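Here is how the chains run, residue by residue.
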Amino acid sequence: MLGRLTSSLVSALVLATTAGTTATASAAAPPPQPTKGTLPGVTARTGDGQAAIVADLNGRPVQFTSYTTTDLQAQRNPFTLWAWQPDRRRFVKTDYGELAVSPDGRWTVAHLESPSEPGKNRLRITDRKTGKSRDIEIELTGYTPASTENGGTQYPQMRWPRWSPDGKKLLFTVSLARQGDRSAGVLILDLPDFTPRFIKIHKALVTVGGFEWNQDGTRFLVRHGRLGSTTVRLYDLQGKAAREYQVRGRPGGDGRGVFSPSGKRFVTACLPLEKAACVWDAATGKAVTRLPVVAGARPTTLGWYDEKHLLISTASGIGIVDLKGHVTETLLKLGRKSQIYPHFNALK
């Protein structure tokens, strides 16, 4: 069975269960959001390399949780993830590979780059209210590791952590060694005890992004097919295919996610090089609108902001765009040469 718990996870369950119960019993105020100003760690040799927050981010339906910078001159890993820490009121350089923040802003789950043993995936669960963290490890078993050309070994990978809209489940895309663009399935961690549950779903297309939640956490979805000819397929929580949309593009999962808050529409990053955001009717699968976006080094379609707006790359940076293509507000100002990838999560 894939998703066997190691002993380090068992010790984390007591803390997770107690803290999870407390979090459910009393709703905390939303954590402070990043303030206006230049983002640290961004190379700015020219004006085109700058990156800054230019809007008040408090009181929003989304939270700016982290961003990844790129240094192609780095000797080892060229990517660095900077995480927002509300208690310190600043972004902090981390050794995390990925980070996801719960919709209530309290919990963070970080995917660490360096597990204790090969073949294990190490997660750091942090309670922002208490400041306490625990590391857990999940070993992906049941598949034979693959050998690389230089004599190394590749193991199945967990990627792209996604919180369910109610904050009670975590979803990871699992890919097989040597098949990085194809899925082995999903791993779901059920809170409050972070119990892992693996669901086999073979050969979904997971190039830029993987599995995502629907608007209420009762389904998850992913792109199927081959580049140039894909569909979007919905699954129930037992892994049974529930519906398939004959639509183009990669589901955009940041912000409020793929589906609008009401579930009436969903969005994909479509066209070659993701030069457009395509909005589809969830009931019929028919196209609603197609919005041009700025493609290139920056992200394109991030996801929904609210029922009538998307988070999209614009000429200025990252903006809130209505369904007619009008930029109603710019949140991040990014120069054309900015090697930065911002990450937004839902906030309720």
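On a predicted model such as this, the values are computed, not experimentally measured, just so you know.

Rules of the game
Residues numbered from 1 in each chain as written. Predicted model: local features only at pLDDT ≥ 70, side-chain atom pairs only at ≥ 80, totals over all residues. Heavy atoms only, no water. Helix = DSSP H or I, 4+ residues; strand = E, 2+ residues; numbered from the N terminus. Buried < 20%, exposed > 50% of the residue type's maximum accessible area, 1.4 Å probe, protein only. Contact = heavy atoms within 4.5 Å. Areas by Shrake-Rupley, 256 points an atom, 1.4 Å probe, with all protein chains shown as cover. Pairing = 2+ DSSP bridges.

Caption draft 1: Seen up close, the overall build of the protein chain. Of regular secondary structure, the protein chain possesses 1 helix and 29 strands. Each of the 348 residues in the protein chain was classed as buried or not, and the buried ones make up 52%. Residue pairs in contact within the protein chain that sit at least 24 positions apart in sequence constitute 45% of those at least 6 positions apart. Carbon and sulfur atoms make up 49% of the accessible area of the protein chain, which amounts to about 16,400 Å² in all.

Caption draft 2: Region of interest: the pairing of strand β9 (residues 120–127). In terms of residue burial, β9 counts as a mostly covered element, since 6 of its 8 residues are buried. Of the strand pairs in this sheet, strand β8 (residues 107–112) and β9 are connected by 5 bridges, and their pairing is antiparallel. Residue pairing in the sheet places Trp107 in a bridge with Asp127 of β9. Sheet topology places β9 next to strand β10 (residues 133–139); 7 bridges connect them, and they run antiparallel. Residue pairing for β10: Thr126 is matched across the bridge by Ser133. Turn length for the β9-β10 hairpin, with the two strands adjacent in sequence and antiparallel, is 5 residues, and the turn residue Gly131 shows positive phi of about 80°.

Caption draft 3: Structural context of unusual backbone geometry. A positive phi angle, near 55°, is found at Arg89, a position not held by glycine. Relative to the elements of secondary structure, Arg89 occurs in the loop between β5 (79–85) and β6 (90–93). If you check the backbone angles, Phe194 has positive phi at about 55° while not being a glycine. By the secondary structure assignment, Phe194 is in the loop between β15 (179–190) and β16 (195–200). With a relative accessible area of 3%, Phe194 lands in the buried category.

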